[in-house]
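Understanding the architecture of this molecule
Here are the chains, one letter per residue:
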Amino acid sequence: MRKRRISRRKFLEGTGTALAAVGVVATRPTIAAQRAGAAASGAARTAIRVTVNGVARQVDVDDRWTLAELLRDHLELTGTKIGCDRGECGACTVLLDGKPVYSCSQLAVWVDGRSVETVEGLVKNVQNEKLSAVQQAFVDRDAPQCGFCTSGQLMAAKALLSSNAHPTAEDARAAMTGNLCRCSNYNHYVDAVVAAGGRSAESLALPATGRLPATGRLPATGRASLSGEPSLAIESLAPQRVTALNVVGHATPRIDAVERVTGKAKYTGDIRLPGMLYARVLRSPHPHARIIRIDTSKARALPGVKAIVTHENCKVVWGAGGISGGQQYNDEVKKITKHRRYAFNNPVRFVGDPVAAVAAVDRHTAEDALQLIDVEYEPLAFVLDPEAALKPDAPKIWPEGNLSPNARNELMPISQKRGDIDAGFAQADHVFEDRFTTAFVHNAQMEPRAALAAWQGDKLTIYTPTQGISNCRTDMARDLEIPPEKVDVICHYMGGGFGNKNQNQDADLIATVLAKEAGAPVKLELSRKEDFIGVHGRWPTVQYYKVGVKNDGTLTAIQLRGYSGMGPYRKNSGSIGGIEIYQCPNHDVTVHPVYTNRTVSGNFRGPEFPQGFFGIESMMDEVASKLKLDPVEFIQKNMTRKFRDETPYTNYTLDECIRRGVEAFDWKKKWHPPGAEGGPIKHGCGVSFMAFRSGLGRSSAVIRLDSKGRYAVHVGVTDVGAGAKTTMALIAAEALDVPLSKIDLVWGDTDRCPFSVGESGSRTTIMTGQAVVEAAKDLKKQIAEKGLPKGDEVLIASASPNPQLQGKVRNAFGAHFVEVEVDAQLGGVRVVRYVCVHDCGRIINPLTADSQIKGGATMGIGMALHEDLLYDRRSGVPLTPGFYGARILTHRDAPPIEVIFIESDDGLGPFGAKSMGESSKVPAVAAVANAVFNAIGVRMRDLPITRDKILDALEAPGAAITAGGRS
Amino acid sequence: MKAFTNANPKTVAQALTFIADAQKNGKSVAVAGGGSDMLGMMKERLLTPDVLVHLRSIPGLDQVKQEKLGGVTGIAIGGQTTLDALSHHDLVRRQFAVLAEAAGTVATPQIRNVATLAGNVCQRPWCWYYRNGFKCLKNGGNRCFSVDGENEFHAIFGGGPSYIVHPSDTSPALVALDARFTLNGASGRRVVPAAEFFTLPSVNAARENVLKDGEVLESVWIPAPGRAVKSTYHKIMDREAWTHAVVSAAVVLEMENDVCRSARIVLGGVAPIPWRLPDVEKLVAGQRVTPALAAQAGEAAVAGARPLAKNGYKIPLTRAMVTRTLQTLVNA
């Protein structure tokens, strides 16, 4: 490594201290630390009078309490959520004297004499709990997905409707600009507010069936939204019409939508247990350092501190945190793992690596205690860039070097070969090479990580937002070295995750260890910054492509050499997917998952695909352009028709997806050669397509029938936001041949629910849904044999199917068509039209399916144009953690998305359902990037495509197109 | 947050007394208007005051009324006027559109409902080094980390030794409107022209303005516009809302038919202070603003710009934005 002009230690010491970010502490105690003791016992308190939801209250508040804290922790009004505690997300919006404000950004002492309204005050009639018009509209239009932003959106909407009874879509977006939704269900929120205002003349009640009329096609606008924008169409692939079912396939509001719009849904952070302590984590300010000494004595002496853990007294291994390629850290893998990730590591390997955790009587005391912990570090050399990390002189993050070992502990890259790559290039008429890069993108789910652990004897109950209670339980038991029966994982509501709430997280372990140490329940809360740097996001990549093609556009060879930055622990695969969607006899893929001293990388919606699809589809779009072919023609020529060009799909609709999208988007009229438009405002069209796994697999379900005719369906889902509870209930009702109203779903608790695969990998509908179908079959058989239960009798049916597919592969298919407008002088990009066509098999619930596809596409726009985590290269400190820094899309950034489902039923999965959750994020980034290329005629190779990059590209000498008006 | 005592004063005099008392007792004091940004910084422990004085508790500091200063007609805007109130105020929208528009572009409705004009003007920088706690020139250190680091959003004018850009939207508007700030503190009141309120880092890198310790921005006075004045605020952001300006322009034109008699053009997002463009103002004074002249104005706007390694794009951006804003305003 190059000699540095100043050592890292001098850098930090010479300039005082590097970091004061929450949870990260200076290397020397500060004046604040010396005062903290006095503060904890003598914290200033003030008596205030405040009217809350019409009720006058007198409360004694700590001057430090925010209004949000007062409402949530001391008035038991947990409907108001804290998403960031920094006024950057809107989840905490309440009305203060009728005006929307961020309750996290106002002190309780400032609202003395004023009036506050929260979501709990919205119901029209507290007695019979009739929803207000806007709440009902949110339910009907499927506005809440995970529901975490919903209370805030409602309060902003309420304020709008109070002053403007009939808002337009634009009015709604303007009023709700200050409310982020990471599930990105912006279109539905706007629809709902406009509907609540009753603006449109025609009745826009949801179609009773959402099913196809006899013609097999819905009218062009499908189920039009009230905002007037075309929204959703479901079409059946002729000639195999998908036959209508009774319950499945009908647009159905979520069975828990009411809980989500009334603030009644209890998320992990809302739960309180008697005697509960609050915990905070101290994190490394260094990207790589050895901990020489930790002195917690001053922190322990602070009144109210009940337990402190560090690497010295906590040796717990966090198996799922970095286990050679994302495999379960089972007994086999354990034996051979070289790079163990502990809950507390020494050395620490990224800014944000946990160093200590404190449990105290309240969160302010816990935070004060962090300031009192003295840590002496020996900073070590670090490396941030994956290609640099593989150079022979790079600092070693692990003794074996920085190429991360695979699940068999082999120091080898991921490699896939097909045919003979050299022969393939030899056969080509043209060989093209290019390089693309993608950035670290954080999942940025609205609910920050939290965990509440409570021991009763040797039984642990952990409340945690997890996408898979079963996997979480397995992981907790394994890491704590206790039997799984001694762990109960509970998650009834969670605020999104998109892949960073799978398995268990170190927060779960830390809360658990603290709870044991303190002898009391412990709630650990991560700040938004901690969530950004301490959990994980999508791995950044560098992708080198070499493509051989014949004059007529036929591919002969595709080579990918890729590098994925994994952070210092290999939490997940680090793969780069996408090549397989192209037919080509000769492939050569080598991907290096590389250790770096950055925030850890892990799964995020489509894990290895959005970044890989951006790479390969930009590359192929470039090839098409050089051959002067319409990209759609190029795709139709080369797209996969059999899995890996050899195994047939269970059914194949990719050609139909593209054909239908071309038609709906009017591609042939809109597309022009790249950069052909004159003038400074340039329009362009881009296309991308996808084929994505829809495999079958193992899951379980239990159904219990009582004599009152109630069917309790037990499934291990938590509903990450996609609507799994409703989906399972619909499947159960259909399979049992009973109305939906007879179904009671039992979910979210490992003590009451059987194994479910976990809501990741787009598998729950397929796998857990199939278990429900089989359990229903079993129950119907029992009813036939034994009759319906009487009195106290119950019938219980269960199923744990593990269907396998032989000789065929099951994929979901899709294509995205995007039109952008690029201002070549100001460098801004706007998406002006977005059409998604997807084959997700049979659509179980068109209402929630629509939300999912729209959400994923919108997230893709964000990844294409905005999101990144920028690092200061000299210190290894991330500069842009958080919603503001990552420029997460707002209402105003989210265009209307049109969705067309090509419905099919290949006889597999529950009623033919295929994967959906990740489908729309996978191709979205590529489609947007290709549209930008078409607009300006310059290929943007490095994500995100921000304003500065566009202006630099257009200003560069030899830029293909002049930005009109310049010489 | 570090523990602190909050004070809700009922008058300005009381606020100043709270400040003075705290200082006398060796306690650190901070002053909050709407408080959104202040609380954020306190939660990050960038600021750790022992006493927090909440100015928004003072009634009567949020009035907008016609008032004379030195015999000249104008309006006085209380420092605690919220940005929401400002952006919707009838008189402000009619006579000082640039200010109403600037106020309306800040952040989000929730923030504008509490954020004050004084708070927006006195806002600390949003440089990511400063905000992430690097010990830089702004918080007791002796270097600027952006110079040879990540400087995509930093200054192309007036930088050195610090290269922050002034984060306020209302400030360029107020400089363009020739506003006067009334400051009030331990040594009484003083009136400072907006253009003299902001401090270049070459003068004092630790501060962005001339406020003394314990002094508050009590009110803003703006002279009444001449006849046929048009103004606008154009803000370029890296998402459609909720972001500080990448580059912005406050433009005030005094027209006579289609001739621009005089112009005030002040940029945001390009310098540590609101950046006035006197050469561009001279260029257009007395002229018809044709597309050609607007283009020349754009060129003149970026003359002398000194980009850092990663913010060169602000030059064509500023050039195009000044050109377009002039043309749009003239044709409005």
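Residues numbered from 1 in each chain as written. Chains lettered and ligands numbered in written order. Predicted model: local features only at pLDDT ≥ 70, side-chain atom pairs only at ≥ 80, totals over all residues. Heavy atoms only, no water.

1. Observations concerning the overall build of chain B
Of the regular secondary structure elements, chain B holds 13 helices and 13 strands. Taken against the 2.2 N^0.38 rule, which gives 20 Å for 332 residues, the C-alpha radius of gyration of chain B at 20 Å falls within 12% of a compact globule. If you line up chain B on its principal axes, its C-alpha atoms span 60 × 50 × 35 Å. Within chain B, the fraction of its 332 residues that count as buried is 63%. Within chain B, counting contacts between residues at least 6 apart in sequence, those at least 24 apart form 63% of the total. With 36 positive and 27 negative side-chain charges, chain B shows a separation of 3 Å between the mean positions of the two kinds. (Helix = DSSP H or I, 4+ residues; strand = E, 2+ residues; numbered from the N terminus. Rg over C-alpha atoms; globule rule 2.2 N^0.38 Å. Buried < 20%, exposed > 50% of the residue type's maximum accessible area, 1.4 Å probe, protein only. Contact = heavy atoms within 4.5 Å. Lys, Arg positive; Asp, Glu negative; His and termini not counted. Charge placed at Lys NZ, Arg CZ, Asp CG, Glu CD.)

2. A closer look at the packing of aromatic side chains
Following the criterion strictly, the structure yields 32 aromatic pairs over all chains and no others. Judged by centre distance (5.9 Å) and plane angle (25°), the ring pair of Tyr129 of chain B and Phe145 of chain B falls under stacked. Note that Tyr129 of chain B is positioned in helix α8 (residues 128–131) and Phe145 of chain B in the loop between α8 and α9 (170–176), a separation of 16 residues in sequence. Ring pairing ties together the aromatic residues Phe148, Tyr267, Tyr493 and Trp747 of chain A, which thus form one cluster. For the cation-ring pair, Arg349 of chain A lies above Trp398 of chain A, with the distance from its terminal atom to the ring centre recorded as 3.8 Å. The ring centre of Tyr884 of chain A lies 4.9 Å from the NZ or CZ of Arg887 of chain A, which sits over that ring. (Phe/Tyr/Trp six-rings, centres within 6.5 Å; stacked < 30°, edge-to-face > 60°. Lys NZ or Arg CZ within 6 Å of the ring centre and 35° of its normal.)

3. So, the domain arrangement of chain A
Residues and elements named next belong to chain A. As far as domains go, chain A holds domain 1 (8–121), domain 2 (133–200 + 225–262), domain 3 (268–384 + 444–534), domain 4 (538–695 + 807–953) and domain 5 (701–799). Here the C-alpha centre of domain 5 lies 28 Å away from the C-alpha centre of domain 2. Contacts between the two partners involve 12 residues from domain 2, matched on the other side by 16 residues from domain 5. Arg260 is the partner of Asp719 in a salt bridge, and the nearest nitrogen-oxygen pair spans 3.5 Å. Scanning the region where domain 2 abuts domain 5 turns up 6 residue pairs in polar contact (both at pLDDT 80 or more). Taken together, the residues that form the side of domain 2 that touches domain 5 break down as 6 nonpolar, 3 polar and 3 charged. (Domains from an automatic or database assignment. Salt bridge = Lys/Arg side-chain N within 4 Å of Asp/Glu carboxyl O. Polar contact = N/O pair within 3.5 Å; in protein donor to acceptor, adjacent residues only side chain to side chain. Nonpolar A, V, L, I, M, F, W, Y, C, P; charged D, E, K, R; others polar.)

4. Observations concerning the pattern of salt bridges
By the definition in use, this model includes 82 salt bridges over all chains. The partner of Glu69 of chain A in a salt bridge is Arg363 of chain A, and the shortest N-O contact between them spans 3.2 Å. On the criterion of sequence distance, the pair formed by Glu69 of chain A in helix α3 (residues 67–74) and Arg363 of chain A in helix α11 (residues 363–371) is long-range, its members being 294 residues apart. Each of the two residues, Glu69 of chain A as well as Arg363 of chain A, counts as buried. Note that Glu410 of chain A is salt-bridged to Arg408 of chain A, the shortest N-O span being 3.1 Å. For Glu410 of chain A, a relative accessible area of 28% gives the class partly exposed. For Arg408 of chain A, a relative accessible area of 55% puts it in the exposed group. The network of salt bridges with shared partners includes Arg64, Arg280, Arg283, Glu367, Asp368 and Glu530 of chain A together with Arg45 of chain B.

5. A look at the interface of chain B and chain A
If you look at the interface, chain B gives 60 residues, while chain A gives 78 residues. Of all residues in chain B, the largest losses of buried area upon contact with chain A belong to Gln110, Arg239 and Trp242 of chain B, amounting jointly to 14% of the total for that side. In this structure, the connection of chain B to chain A is made through 9 salt bridges. With a shortest N-O distance of 3.8 Å, Glu367 of chain A and Arg45 of chain B are connected by a salt bridge. For the pair chain B and chain A, the number of links is 31 residue pairs in polar contact (both at pLDDT 80 or more). Elements supplying a minimum of two residues to the side of chain B that touches chain A: β1 (5–7), α2 (36–43), β3 (51–54), α6 (109–112), α8, β9 (229–236) and α13 (314–331) of chain B. Residue contributions to the side of chain B that touches chain A peak at 6 residues, all from α13 of chain B. For the side of chain B that touches chain A, the per-class residue count stands at 24 nonpolar, 18 polar and 18 charged. (Buried area = accessible area lost by both parts, 1.4 Å probe.)

6. Here's the deal with the environment of Ala294 of chain B
Residues and elements named next belong to chain B. The residue Ala294 is located in helix α12 (residues 291–301) in this model. Judged by its relative accessible area of 0%, Ala294 falls in the buried class. Separated by 56 residues in sequence, Ala294 and Asp238 have C-alpha atoms that sit 25 Å apart. Contact partners of Ala294, with chain neighbours within four places excluded, come to Val289, Thr323, Leu326 and Gln327.

7. Here's the deal with the sheet that holds strand β10 (residues 354–360) of chain A
Residues and elements named next belong to chain A. Strand order across the open sheet formed by 7 strands is β9-β10-β7-β18-β15-β16-β17, with mixed pairing between neighbours. The sheet is open, and its two edges are formed by β9 (305–310) and β17 (487–490), each paired on a single side. For this sheet the average axis-to-axis angle between neighbouring strands, irrespective of direction, equals 20°. In the packing of α11 onto the sheet, contacts are made with β7 (277–283), β9, β10 and β18 (522–525), and the angle to β7 comes to roughly 25°. Sheet strands in contact with helix α15 (residues 506–518) are β7, β9, β10, β15 (450–456), β16 (459–463) and β18, and its direction is about 35° off that of β15. (Pairing = 2+ DSSP bridges. Axes fitted to C-alpha atoms, helices over the stretch in contact; angles between N-to-C directions.)

8. Focus: the confidence of the model for chain A
Residue and element names in this part refer to chain A. Here chain A averages 90 in pLDDT, while 90% of its residues score no lower than 70. Considering only residues more than four positions removed or in separate chains, one finds that residues 1–41, a stretch of pLDDT under 50, has 92 contacts. In this model residues 201–230 is a low-confidence stretch, pLDDT under 50, and it forms 65 contacts with partners more than four residues away in sequence or in other chains. (pLDDT = per-residue confidence, 0-100.)

9. Notes on the domain arrangement of chain B
Residues and elements named next belong to chain B. Assigned domains within chain B: domain 1 (1–54), domain 2 (64–123 + 162–223) and domain 3 (229–330). A C-alpha centroid distance of 20 Å is found between domain 1 and domain 2. Contact residues are listed per partner, giving 9 residues for domain 1 and 12 residues for domain 2. Summed over both sides, the interface of domain 1 with domain 2 buries roughly 690 Å², with 67% coming from carbon and sulfur. On the surface where domain 1 and domain 2 come into contact, there are 0 salt bridges. If you look at where domain 1 meets domain 2, you find 0 residue pairs in polar contact (both at pLDDT 80 or more). Put simply, the parts of the chain that give the side of domain 1 that touches domain 2 at least two residues each are α1 (12–24) and α2. A total of 4 residues in the side of domain 1 that touches domain 2 trace back to one element, the largest contributor, which is α1.

10. Some details on helix α4 (residues 133–140) of chain A
All names here are of chain A. For α4, every residue scored as buried is listed here: Val134, Gln135, Ala137, Phe138 and Val139. Summarising the contacts, the buried residues of α4 are in contact with α5 (150–163), α7 (186–196) and α8 (257–261). The positive-phi residue at the C-terminal boundary of α4 is Asp142, with phi of around 55°.

11. Quick notes on the nonpolar core
In this structure, Ile658, Phe817, Tyr834 and Phe901 of chain A together with Leu99, Phe181 and Ile222 of chain B are the most contacted members of the largest nonpolar core, which totals 224 residues. Counting residues per element, this core draws most heavily on helix α24 (residues 921–936) of chain A, at 10 residues. Those residues in contact with Leu99 of chain B, other than ones at most four positions away along the chain, are Ile77, Leu86, Val92, Thr170, Ala173, Leu174, Leu177 and Ile222 of chain B. Counting 42 residues, the second-largest nonpolar core is a separate cluster that includes Val513, Leu514, Val720 and Cys753 of chain A. (Core = buried A, V, L, I, M, F, W, Y, C linked by side-chain atoms within 4.5 Å.)

12. Some words on the pairing of strand β8 (residues 216–223) of chain B
Residues and elements named next belong to chain B. Among the 8 residues in β8, 8 count as buried, and that is most of the element. Here 5 bridges tie strand β5 (residues 72–78) to β8, and the two strands are oriented antiparallel to one another. Pairing of Gly74 across the sheet is with Pro223, part of β8. Summarising the sheet, strand β6 (residues 180–185) and β8 pair through 5 bridges and their orientation is antiparallel. Following the sheet pairing, Phe181 is matched in β8 by Val220.

13. Looking at the packing of α5 of chain A against α7 of chain A
All names here are of chain A. One way to put it is that α5 packs onto α7 with a least axis distance of 11 Å and a crossing angle of 35°. Classified by chirality, the crossing of α7 by α5 is right-handed. The segment α5 lies against α7, with Thr150, Gln153, Ala157, Leu160 and Leu161 engaging Tyr189, Val193 and Ala196. (Left-handed = near helix turned anticlockwise from the far one by under 90°.)

14. Quick word on the environment of Asn185 of chain A
Relative to the helices and strands, Asn185 of chain A is located in the loop between α6 (169–175) and α7. Non-local contacts of Asn185 of chain A, meaning those with residues more than four positions away in its chain, are made with Asp142, Ala143, Gln145 and Ser851 of chain A.

15. Describing helix α19 (residues 654–665) of chain A
An α-helical turn contains 3.6 residues, so a residue and the one three or four places further along point in the same direction. Residue and element names in this part refer to chain A. Helix length check: α19 (12 residues) gives 16 Å between terminal C-alpha atoms against 16 Å at 1.5 Å per residue, within 8%. Listing the buried residues of α19 in full gives Leu654, Glu656, Cys657, Ile658, Arg660, Gly661, Val662 and Phe665. A positive phi of about 65° marks Asp666, the residue just after α19. (Expected span 1.5 Å × (residues − 1).)

16. Thoughts on the sheet that holds strand β13 (residues 430–438) of chain A
Residue and element names in this part refer to chain A. Taken in spatial order, the 5 strands make up an open sheet running β12-β22-β21-β20-β13, and their pairing is mixed. The sheet terminates laterally at β12 (414–418) and β13, the two strands that pair on one side only. Pairwise comparison of adjacent strand axes, ignoring direction, gives a mean angle of 5° for this sheet. Strand direction decides the pairing type here: β12 and strand β22 (residues 587–594), joined by 5 bridges, are antiparallel. Bridged to Ser415 within β22 is Thr590.

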